[in-house]
Amino acid sequence: MTETEPVLDGMYWSKRLLEEWVGAMLVTEAGQVQTLVYATSQMAALLKLTNDELVQAYGQDYSQWIAHEDRDNVQQQLAAQLSSQRHFGLEYRLQRTDGSLVWISDQGTLVKEQDGRQVYIRLLIEATKRRQQHEVLLRRAQMDPLTELYNRGSIEAEIDRYLKQCAGRSLSALFILDMDNFKRVNDLYGHQAGDRVLVDLAYVLQNSFRSGDIVGRLGGDEFLVDRKSTRLNSSHEWIYRM
């Protein structure tokens, strides 16, 4: 074996890794504007671009493909993680050329080049399916399985989050409701009939409040509603309507 053979083998396998790797590899400049320096062909497939369109995108800001709603969060997380280390791991959505969104896992490293320029070397792997599965499991953990309202734990977490967010700047109205003589429904007509009554009440409550209000089932025939940013008079009116 000659001295050049390991070098040639290394170049060959590096090329093969770039061609066959399941994710997209790319290099962007570091900083507020993340200029695209290089990307493998998998990036074109991820964004539904042609290879020529991807090459034409060199020199453009990579952030243009990040979903608008995610951009600020991505910048904040990136800055927070790089404050103490060179590596980062992010999850966010990219917007494809056809308008569809795709979740990706972005694992990268901050590298300083010989000329002093700093770049991010990144590996992007599609995470849409895993993200959807995670959201299904999260919803199951947060919701009451019968009524599909918030369960007790989620009610407490949502109210705590809201109180910290508003910090006393607005009023909210908290209602705790239970059903009179609900036990008689179960005794006379069976638990399936009782379940239908609970589901019907949950439907009425959910459609009587704004989408941002907190509506949940504490357990049994007890329900809780936190009507956010409300006025005292309007809360009294709602009680009378119910």
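Residues numbered from 1 in each chain as written. Predicted model: local features only at pLDDT ≥ 70, side-chain atom pairs only at ≥ 80, totals over all residues. Heavy atoms only, no water.

Re the overall build of the protein
Okay, step 1: Counting its secondary structure elements, the protein contains nine helices and eight strands.
Okay, step 2: By residue count, 36% of the 242 residues in the protein fall in the buried class.
Okay, step 3: For the protein, long-range pairs separated by at least 24 residues make up 50% of all intrachain contacts whose partners lie at least 6 apart in sequence.
Okay, step 4: Carbon and sulfur atoms form 52% of the exposed surface of the protein, whose accessible area is close to 15700 Å². (Helix = DSSP H or I, 4+ residues; strand = E, 2+ residues; numbered from the N terminus. Buried < 20%, exposed > 50% of the residue type's maximum accessible area, 1.4 Å probe, protein only. Contact = heavy atoms within 4.5 Å. Areas by Shrake-Rupley, 256 points an atom, 1.4 Å probe, with all protein chains shown as cover.)

Things to note about the nonpolar core
Okay, step 1: In terms of nonpolar packing, the biggest core is built from 26 residues, with Met43, Tyr62, Trp65, Tyr92, Leu94, Ile104 and Leu124 touching the most fellow members.
Okay, step 2: Residues within four places of Leu124 in sequence aside, it is in contact with Gly23, Ala24, Leu26, Met43, Leu46, Tyr62, Tyr92, Leu94, Ile104, Ser105 and Asp106. (Core = buried A, V, L, I, M, F, W, Y, C linked by side-chain atoms within 4.5 Å.)

Structural notes on the pattern of salt bridges
Okay, step 1: The final tally for this structure, using the stated rule, is 13 salt bridges.
Okay, step 2: For Asp144, the salt bridge is made with Arg217, and the minimal N-O distance between the two is 3.3 Å. Of this pair, Asp144 sits in the loop between α5 (128-142) and α6 (152-166) while Arg217 sits in strand β7 (residues 214-219), placing them 73 residues apart in sequence.
Okay, step 3: Judged by its relative accessible area of 11%, Asp144 falls in the buried class.
Okay, step 4: Across the pair Asp187 and Lys183 runs a salt bridge whose closest N-O atoms are separated by 2.9 Å. Within this pair, Asp187 and its partner Lys183 are both found in helix α7 (residues 182-189), separated by four residues, close to a single helical turn. Assigned by exposure class, Asp187 and Lys183 land together as exposed.
Okay, step 5: A cluster of three or more residues bridged by salt bridges with shared partners is formed by Glu69, Asp70 and Arg93. (Salt bridge = Lys/Arg side-chain N within 4 Å of Asp/Glu carboxyl O.)

Points about the sheet that holds strand β1 (residues 24-29)
Okay, step 1: If you walk across this open sheet you meet the five strands as β2-β1-β5-β4-β3, and the pairing is antiparallel. The outermost strands of the open sheet, each flanked by one partner alone, are β2 (36-39) and β3 (87-95). On average, each strand axis in the sheet is tilted by 25° relative to the strand beside it, whichever way the strands run.
Okay, step 2: When β1 meets strand β5 (residues 118-126), the two strands line up antiparallel, connected through six bridges. Within β5, the position partnered with Met25 by the bridge is Leu123.
Okay, step 3: Against the sheet, helix α4 (residues 71-82) touches β3, β4 (101-112) and β5, its axis set at about 170° to β3. (Pairing = 2+ DSSP bridges. Axes fitted to C-alpha atoms, helices over the stretch in contact; angles between N-to-C directions.)

Section: α6
Okay, step 1: The end-to-end C-alpha distance of α6, which contains 15 residues, comes to 21 Å, matching closely the 21 Å that a straight helix rising 1.5 Å per residue would cover.
Okay, step 2: Those residues of α6 that fall on the buried side of the exposure criterion are Ser154, Ile155, Glu158, Ile159, Tyr162 and Cys166. All buried residues of α6 lie within an arc of 130° about the axis, which places them on one face of the element. Of the residues in α6, the exposed ones pointing more than 90 degrees away from the buried face are Glu156 and Lys164.
Okay, step 3: Packed against the buried residues of α6 are α5, β6 (173-178), β7 and β8 (222-227).
Okay, step 4: Immediately downstream of α6, the backbone of Ala167 shows phi near 50°, a positive value. (Expected span 1.5 Å × (residues − 1). Arc of directions from axis to C-beta.)

Some words on the environment of His68
Okay, step 1: Within the secondary structure, His68 is located in the loop between α3 (51-56) and α4.
Okay, step 2: Expressed as a C-alpha distance, the spacing of His68 and Leu94, which sit 26 residues apart in the sequence, is 9.0 Å.

Quick word on the packing of α7 against helix α8 (residues 191-206)
Okay, step 1: Running from N to C, α7 and α8 cross one another at 140°; their axes reach a closest spacing of 7 Å. Taken together, the axis directions place α7 and α8 in an arrangement best described as oblique. When α7 is examined against α8, the residues Phe182, Val185, Asn186 and Tyr189 are found in contact with a partner set consisting of His191, Ala193, Gly194, Val197 and Leu198.
Okay, step 2: Counted by class, the contact of α7 with α8 contains six nonpolar, three polar and no charged residues. (Parallel < 35°, antiparallel > 145°, perpendicular 65-115°, else oblique. Nonpolar A, V, L, I, M, F, W, Y, C, P; charged D, E, K, R; others polar.)

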